[in-house]
Amino acid sequence: MKSIVFLYAGFCTKSAFDKIFDSQSAFDRCIEWAGAVEFCSRIVVFASAVTKDSVEKAVAGKPDIQVEVQDEWNVAKVIEKMSALTQENECDFAVYSFADRPFLDNALTSEIISTHLKYIAEYTTADGYPSGFAPEVIDAGALKIMASFAAGVKKEEAEGFVLPGSLFEIMKGDINSFDIEAVIAPKDWRLLRFEFSVSQKIKREACVALYNAAKSENISFKAEDLSMLAERTESVHKTVPAFYNIQIARNCAVIDDFTPYAYQFKKKYGALPLKYGKGHGQRDMSLEDFTKIVSQIAEFSETAVVSLSGWGEPLTVDNIADYVSAVLSYTGLSVLIETDGVLLTPQIAESIANIAHIVPVREDKGPPVSWIVRLDAATEEKYAKMHINTSDFDEEGKSAFSKAKDAVAVLNSLFPGDVYPQFIRVNENEDELEQFYRYWHEKKSPSSGNLIIQKYDYFCGKQPDRKPADLSPLHRIPCWHLKRDMTILADGNVPLCREYVLESHVGNVLEEGLEAVWKKFNDRLSGHMKCQYEDKCELCDEYYTFNF
């Protein structure tokens, strides 16, 4: 029985080689893990032009480690090379992991291999543990079949970037043809959404916090012990924000009845925030202020999604392309624009596409710009019932609903695969959910099959409870949004979370700085860690939802 271990180090950054675990890097710890894998006859590291020197330096003097270098890897190249080397070395199976995971567990790996062999599986991994503790084990024959998929039915996906889970996605080309097994964790930690790698600052700081906590408490570095430790360690849960919801526009185009923003705005300023009703005297976020905030985000979080849709309709801002450009000037940041679509023109869409198509690849390999178009209905009649002032946009016989649907098609022609029509599921439109899904899920639809079904948010009782189904977990967990999100209003004020809309500011990022304001969230999260929920948190059911 022989195995071959593959470590993917084809990253575009060198963070895996930083000595942040005492005298070791994440890569050093991966090599140490690989050397103890059962039946291992050879270790192969996939390096990129960026990481080649660091890899070769780290493995110097270790003749059993083979380094394969490509300027840029894609999924097809990885699978093809894995298959070829597994056969060339006459190995029965391959063990595969990214090389930026400092907590790969040899005991868990042995259990995965044992399960793989016992049940004569073709693909085996662990399930229920946080990401980063377990490798994938793939049979030599399965790799050969996957290589054929990568050259055939999954060719388009196989030409994409190598990401965690990429190999399994190729296997989905005909998943019923494979015998798949999994080692099940004693408890399901997946809802906490930990990913223990050092690929981004948000994850790297969590890894360092977990490593230090394990050393401090003399906890073993086994997957189960680390999972339990991570679950109760606040500094592992909360590092830096990954999602910034920024209000660049105060005005709306179409007003829906799903959120309290328009009515809370009217209560505060005396007028609805309509595009053509600028008499309320409240200004949008200036490009200058926005640029200052984005600069802080790039320095503090390094990688993040910046949504331009905190409240209001971002397309009411005349120079929105300049706001997009400010974000995309940092390779670690990407943009999400959530819009009702009625103000979109081909000129606006093209101005943003012209920027998105020339910027460098994002560090997380994701799209520079993603779009959500709020529809919430499958028919024009239902759309009109669920929104006010839709008649304001009737031009040449074209309704607001038609404009919104057209926006999806225009955007998808320029941002293929990154446009999502959205349906917020409430009692009033539940009868159109299936119709909406069937239409937009078709590959021939204007969104090429993409869509989002969003749960209804009743804003901790501020809105009536209109949920047709309760999707909340059986047991409450610390709020995902407190750990990862920051909402910033047009004047720089930061509410504790989006549920507060325009109230309960904890600070102002333009006056105090982003990092100082972020620390003010700590006390509320500490309460959540102890199952203590104050104020709106006690009524909230958004704690388990997540953004892009």
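In this text, all values refer to a predicted model and were calculated from it rather than measured experimentally.

Engineer: Describe the side chain of S197, naming the residues involved and giving the relevant values.
Structural biologist: Topologically, S197 is positioned in the loop between β7 (180–184) and α8 (201–216). There is a polar contact of 3.1 Å between the side chain of S197 and the side chain of S199. Discounting chain neighbours no more than four positions away, the residues touching S197 are D100, R101, P102, K203, R204 and C207.

Engineer: Can you explain unusual backbone geometry? Please cite residues and give values.
Structural biologist: Negative phi is the rule for most residues except glycine; trans is the rule for most peptide bonds. Residue R193 is not a glycine yet carries a positive backbone phi of 60°. On the accessibility criterion, R193 (25% relative accessible area) is partly exposed. Backbone geometry places S448, a non-glycine residue, at a positive phi of 60°. Note that S448 resides in the loop between α17 (433–441) and β15 (452–455).

Engineer: Break down the packing of helix α3 (residues 75–88) against helix α5 (residues 140–151) for me, citing the residues and quoting the values.
Structural biologist: In contact at an axis separation of 9 Å, α3 and α5 are set at 145° when each is read in the N-to-C sense. Read as a crossing pair, α3 and α5 show a hand that is left-handed. Residues A76, I79, M82, S83, T86 and Q87 of α3 form the contact with α5, whose participating residues are A140, L143, K144, M146, A147 and A150. The residue makeup of the contact of α3 with α5, split by class, is eight nonpolar, three polar and one charged.

Engineer: Report on the packing of aromatic side chains, specifying residues and quantitative values.
Structural biologist: Each aromatic ring pair is characterised by the separation of its centres together with the angle its planes make. Under the definition given, this model contains 31 aromatic pairs. Ring geometry for Y123 and F168: centres 5.2 Å apart, planes at 40°, overall tilted. Residue Y123 is found in strand β5 (residues 123–127), and its partner F168 is found in helix α7 (residues 166–171); the two are separated by 45 residues along the sequence. Relative accessible area serves as the criterion here: at 6%, Y123 is assigned to the buried category. The structure contains a cluster of three or more aromatic residues connected by ring pairs, namely F21, F103, F133, F194, F196, Y211 and F221. Over the aromatic face of F221 sits the side chain of R29, whose NZ or CZ is 5.2 Å from the ring centroid.

Engineer: Account for helix α11 (residues 261–269), with residues named and values stated.
Structural biologist: Among all positions in α11, only Y261, A262, Q264 and F265 are buried. Across the axial projection of α11, the buried residues extend over an arc of 165°, all falling on one side. Where α11 is buried, its residues meet β9 (255–256). Phi for G270, located one or two positions after α11, is positive at around 90°.

Engineer: Account for the domain arrangement of the protein, with residues named and values stated.
Structural biologist: Assigned domains of the protein: these are domain 1 (3–192) and domain 2 (243–539). On the side of domain 2, eight residues touch domain 1, which itself brings six residues to the contact. Taking both partners together, domain 1 and domain 2 bury about 640 Å²; carbon and sulfur atoms supply 77% of that area. Three residues, F161, L191 and L192, lead the burial of domain 1 against domain 2; their summed loss comes to 69% of the area buried on that side. The tally of links between domain 1 and domain 2 comes to zero salt bridges. For the pair domain 1 and domain 2, the number of links is zero residue pairs in polar contact (both at pLDDT 80 or more).

Engineer: Tell me about helix α12 (residues 287–300), and name the residues and values.
Structural biologist: In an α-helix, one full turn covers 3.6 residues, which means residues spaced three or four apart are oriented alike. The end-to-end C-alpha separation of α12 is 20 Å, in line with the 20 Å expected for 14 residues at 1.5 Å each. Those residues of α12 not exposed but buried are D289, F290, I293, V294, I297, A298 and F300. Of the residues flanking the end of α12, it is E302, one or two places downstream, whose phi is positive at about 70°.

Engineer: Please provide a residue-by-residue account of empty space enclosed by the protein, values included.
Structural biologist: Empty space left among the atoms is revealed by rolling a probe the size of a water molecule over them. Across all of its chains, the model carries one cavity of 30 Å³ or more by this definition. Put simply, the largest cavity is a space of about 40 Å³. Lining the largest cavity are V254, D256, D340, R374, D376 and H387. Here the residues of the lining of the largest cavity are counted per class, giving one nonpolar, one polar and four charged.

Engineer: Explain the sheet that holds strand β10 (residues 304–307) to me, using residue names and the numbers behind them.
Structural biologist: Spatially, the seven strands line up as an open sheet ordered β15-β14-β12-β11-β10-β8-β16, and their pairing is parallel. The sheet is open, and its two borders are formed by β15 and β16 (485–488), each paired with just one other strand. Adjacent strand axes in the sheet meet at a mean angle of 25°, parallel and antiparallel pairs treated alike. Pairing geometry for strand β12 (residues 369–374) and strand β14 (residues 419–425), over four bridges, is parallel. Within β14, the residue paired with R374 across the bridge is Q422.

Engineer: Quick one: what's the story with the sheet that holds strand β3 (residues 65–69), residue by residue and with numbers?
Structural biologist: Remark on secondary structure: sheet strands pair via backbone hydrogen bonds, oriented parallel or antiparallel. Taken in spatial order, the seven strands line up as β3-β2-β1-β4-β6-β5-β7 in an open sheet, and their pairing is mixed. Of all the strands in the sheet, just β3 and β7 have a single pairing partner and so form its edges. Pairwise comparison of adjacent strand axes, ignoring direction, gives a mean angle of 25° for this sheet. Sheet topology note: the strand β1 (residues 3–9)/strand β2 (residues 40–47) ladder contains seven bridges and is parallel. Bridge pairing in β2 links Y8 to F46. Here α3 sits on the sheet in contact with β1, β2, β3, β4 (93–98) and β6 (136–139), set at roughly 155° to β1. Across the face of the sheet, helix α4 (residues 106–118) comes into contact with β4, β5, β6 and β7 while running at roughly 135° to β5.

Thresholds applied
Residues numbered from 1 in each chain as written. Predicted model: local features only at pLDDT ≥ 70, side-chain atom pairs only at ≥ 80, totals over all residues. Heavy atoms only, no water. Helix = DSSP H or I, 4+ residues; strand = E, 2+ residues; numbered from the N terminus. Polar contact = N/O pair within 3.5 Å; in protein donor to acceptor, adjacent residues only side chain to side chain. Contact = heavy atoms within 4.5 Å. Buried < 20%, exposed > 50% of the residue type's maximum accessible area, 1.4 Å probe, protein only. Axes fitted to C-alpha atoms, helices over the stretch in contact; angles between N-to-C directions. Left-handed = near helix turned anticlockwise from the far one by under 90°. Nonpolar A, V, L, I, M, F, W, Y, C, P; charged D, E, K, R; others polar. Phe/Tyr/Trp six-rings, centres within 6.5 Å; stacked < 30°, edge-to-face > 60°. Lys NZ or Arg CZ within 6 Å of the ring centre and 35° of its normal. Arc of directions from axis to C-beta. Domains from an automatic or database assignment. Buried area = accessible area lost by both parts, 1.4 Å probe. Salt bridge = Lys/Arg side-chain N within 4 Å of Asp/Glu carboxyl O. Expected span 1.5 Å × (residues − 1). 1 Å grid on protein atoms, 1.4 Å probe; cavity = no way out; pocket = protein on both sides within 12 Å on 5 of 7 lines; lining within 4 Å. Points joined across faces, edges and corners; volume = space filled by probe spheres on them. Pairing = 2+ DSSP bridges.

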